[in-house]
Amino acid sequence: MSEQSSAGDPAEQRVRLQGEPVDDYPEMAPEAARGRVRRITVVGEDVLHRANTDVPAEMFGTPGLSSLIDDMFLTMYAAEGVGLAGNQVGEDLRLFVYDCPDDDGMRHVGHVVNPVLAERDEAVPLVLENEGCLSVPGPHAELPRAEYAKVTGFDKDGAPVEIEGTGYFARCLQHETDHTYGRLYIDRLAARPRKKVLKQMNEMANDVFARREANAAALAGAEAEAE
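Because the structure is a prediction, the values reported are computed rather than measured.

A.B. asks: Whenever I open this one, the overall build of the protein chain confuses me. Can you help?
C.D. replies: The secondary structure content of the protein chain amounts to three helices and nine strands. Its helices and strands in sequence order give the protein chain the pattern β-β-α-β-β-β-β-β-β-β-α-α, from N to C terminus. For 227 residues, the compact-globule estimate of 2.2 N^0.38 gives 17 Å, and the C-alpha radius of gyration of the protein chain, at 17 Å, lies within 12% of that figure. Projecting the C-alpha coordinates of the protein chain onto the three principal axes gives extents of approximately 50 × 40 × 35 Å. For the protein chain, the residues scored as buried account for 48% of the 227 residues in total. Within the protein chain, residue pairs in contact and separated by at least 24 positions form 69% of the contacts whose partners lie at least 6 positions apart. A total of about 11,000 Å² of accessible surface is found on the protein chain, and carbon and sulfur atoms cover 50% of it. If the 23 positive side-chain charges of the protein chain are averaged to one point and the 41 negative ones to another, these points end up 8 Å apart.

A.B. asks: Sorry, what's going on with the pairing of strand β8 (residues 148-154) here?
C.D. replies: Side chains Ala149, Val151 and Gly153 project from β8 onto a buried face, and the interleaved Tyr148, Lys150, Thr152 and Phe154 project onto a face without burial. Taken together, the three bridges between strand β5 (residues 106-117) and β8 define a ladder with antiparallel strand orientation. Considered in β8, the bridge of Val113 is made with Phe154. Across seven bridges, β8 lies against strand β9 (residues 160-166) in antiparallel orientation. In the strand pairing of β9, Lys150 is matched with Glu164. Joining the antiparallel neighbours β8 and β9 is a turn of five residues, in which Gly158 adopts a positive phi near 95 degrees.

A.B. asks: How do you make sense of the environment of Pro144 when you look at a structure like this?
C.D. replies: For Pro144, the position within the fold is in strand β7 (residues 136-146). Pro144 sits in the partly exposed class, given a relative accessible area of 43%. Remark: the alpha-carbon pair of Pro144 and Glu80, spanning 64 residues in sequence, is separated by 23 Å. In this view, Pro144 contacts Leu126, Val127, Leu128 and Arg171; residues no more than four positions away in its chain are not counted.

A.B. asks: How do you make sense of the packing of aromatic side chains when you look at a structure like this?
C.D. replies: Where two aromatic rings form a pair, the distance of their centres and the angle of their planes describe that pair. Scanning the model with the defined rule gives four aromatic pairs in all. Relative to Tyr98, the ring of Phe96 has its centre 6.2 Å away and its plane inclined at 50 degrees; by these criteria the two rings are tilted. There is no split in this pair, since Phe96 and Tyr98 are both buried. Taken together, the aromatic side chains of Phe96, Tyr98 and Phe169 make up a single cluster linked through ring pairs. Between the NZ or CZ atom of Arg94 and the centre of the ring of Tyr181, over which it lies, the distance is 4.3 Å.

A.B. asks: I keep staring at the nonpolar core and nothing clicks. Help me out?
C.D. replies: A general trend in soluble globular proteins is that nonpolar side chains are found buried together. Core analysis: the largest hydrophobic core is formed by 24 residues, its most contacted members being Met72, Phe73, Leu84, Leu95 and Val97. Per-element accounting of this core gives the leading share, eight residues, to helix α1 (residues 63-78). In contact with Phe73, other than residues within four places in its own chain, are Ala29, Glu31, Ala32, Val97, Tyr98, Val109 and Gly110. Among the nonpolar cores identified, the runner-up in size contains 16 residues, and Met1, Ala149, Val161 and Phe169 belong to it.

A.B. asks: Quick question: what am I supposed to make of unusual backbone geometry here?
C.D. replies: In terms of backbone geometry, most residues other than glycine have negative phi values and most peptide bonds are trans. The phi torsion at Gln18 lies on the positive side, around 55 degrees, for a residue other than glycine. Inspection of the secondary structure assignment puts Gln18 in the loop between β1 (14-17) and β2 (20-22).

A.B. asks: Can you walk me through helix α2 (residues 167-180) in this structure?
C.D. replies: Owing to its 3.6 residues per turn, the α-helix aligns residues three or four sequence positions apart on the same side. Taking 1.5 Å as the rise per residue, α2 with 14 residues should run 20 Å; its terminal C-alpha atoms sit 21 Å apart, in good agreement. When you tally the buried positions in α2, you get 14 out of 14 residues, the bulk of the element. Two residues or fewer past α2, Gly182 is found with a positive phi of approximately 80 degrees.

A.B. asks: Is there a simple way to explain a negative patch on the surface in this structure?
C.D. replies: Taken together, the side chains of Asp103, Asp104, Glu129 and Glu142 define an acidic patch exposed on the protein surface. Note on placement: Asp103 falls in the loop between β4 (95-101) and β5. Residue classification places Asp103 among the partly exposed residues on the basis of a relative accessible area of 47%.

About the cut-offs
- Residues numbered from 1 in each chain as written.
- Predicted model: local features only at pLDDT ≥ 70, side-chain atom pairs only at ≥ 80, totals over all residues.
- Heavy atoms only, no water.
- Helix = DSSP H or I, 4+ residues; strand = E, 2+ residues; numbered from the N terminus.
- Rg over C-alpha atoms; globule rule 2.2 N^0.38 Å.
- Buried < 20%, exposed > 50% of the residue type's maximum accessible area, 1.4 Å probe, protein only.
- Contact = heavy atoms within 4.5 Å.
- Areas by Shrake-Rupley, 256 points an atom, 1.4 Å probe, with all protein chains shown as cover.
- Lys, Arg positive; Asp, Glu negative; His and termini not counted.
- Charge placed at Lys NZ, Arg CZ, Asp CG, Glu CD.
- Pairing = 2+ DSSP bridges.
- Phe/Tyr/Trp six-rings, centres within 6.5 Å; stacked < 30°, edge-to-face > 60°.
- Lys NZ or Arg CZ within 6 Å of the ring centre and 35° of its normal.
- Core = buried A, V, L, I, M, F, W, Y, C linked by side-chain atoms within 4.5 Å.
- Expected span 1.5 Å × (residues − 1).
- Patch = residues over 30% accessible without salt bridge, like charges linked within 9 Å, V, L, I, M, F, W, Y side chains within 5 Å.
- Salt bridge = Lys/Arg side-chain N within 4 Å of Asp/Glu carboxyl O.

Shown next as structure tokens:
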């Protein structure tokens, strides 16, 4: 999911890591320092438009899964996103990473493997707000989402996780879980706004790609200086 607005300095926000509060956390998830920036898939590519494969039990706890999550974090930051799913880096696997604020100033960071979104209670209201996607580079569109969301799944080592959130973070959880089932936010739009978004994407994409490349270069340069 693409970032809509700045929520302040991430290093100064309260943080929940994998759903648990932590006293101190860096500006970027440590995984990013071990990752490499990957190409982000774009609407129309097959892996984005079908339900992806559950991460098999034998992948939990492996260097391969850890490396993928590292890459996803760095790719998300380079693309100025707050969430990124496996199929957005071309992997046919059901998982996502996130670094996303909620509406109360709480920063949420982590990853979920094989996510399952809890069914919305009828008492939970739908909120109409702008939403964007790194695989639909550039535009945003208004879309109703539940004000509260809960996702269950596993961490990269196979331990169960339960992540819940409200507001913008709830939107992120719903958006990213949708990705793992092959659904983009534009698939939830009516025909006319969907057509408008795709037209805007074609007009904006080159500028977005150029900014991502510049961000990736800057992140690589910062890492080189740190070494």
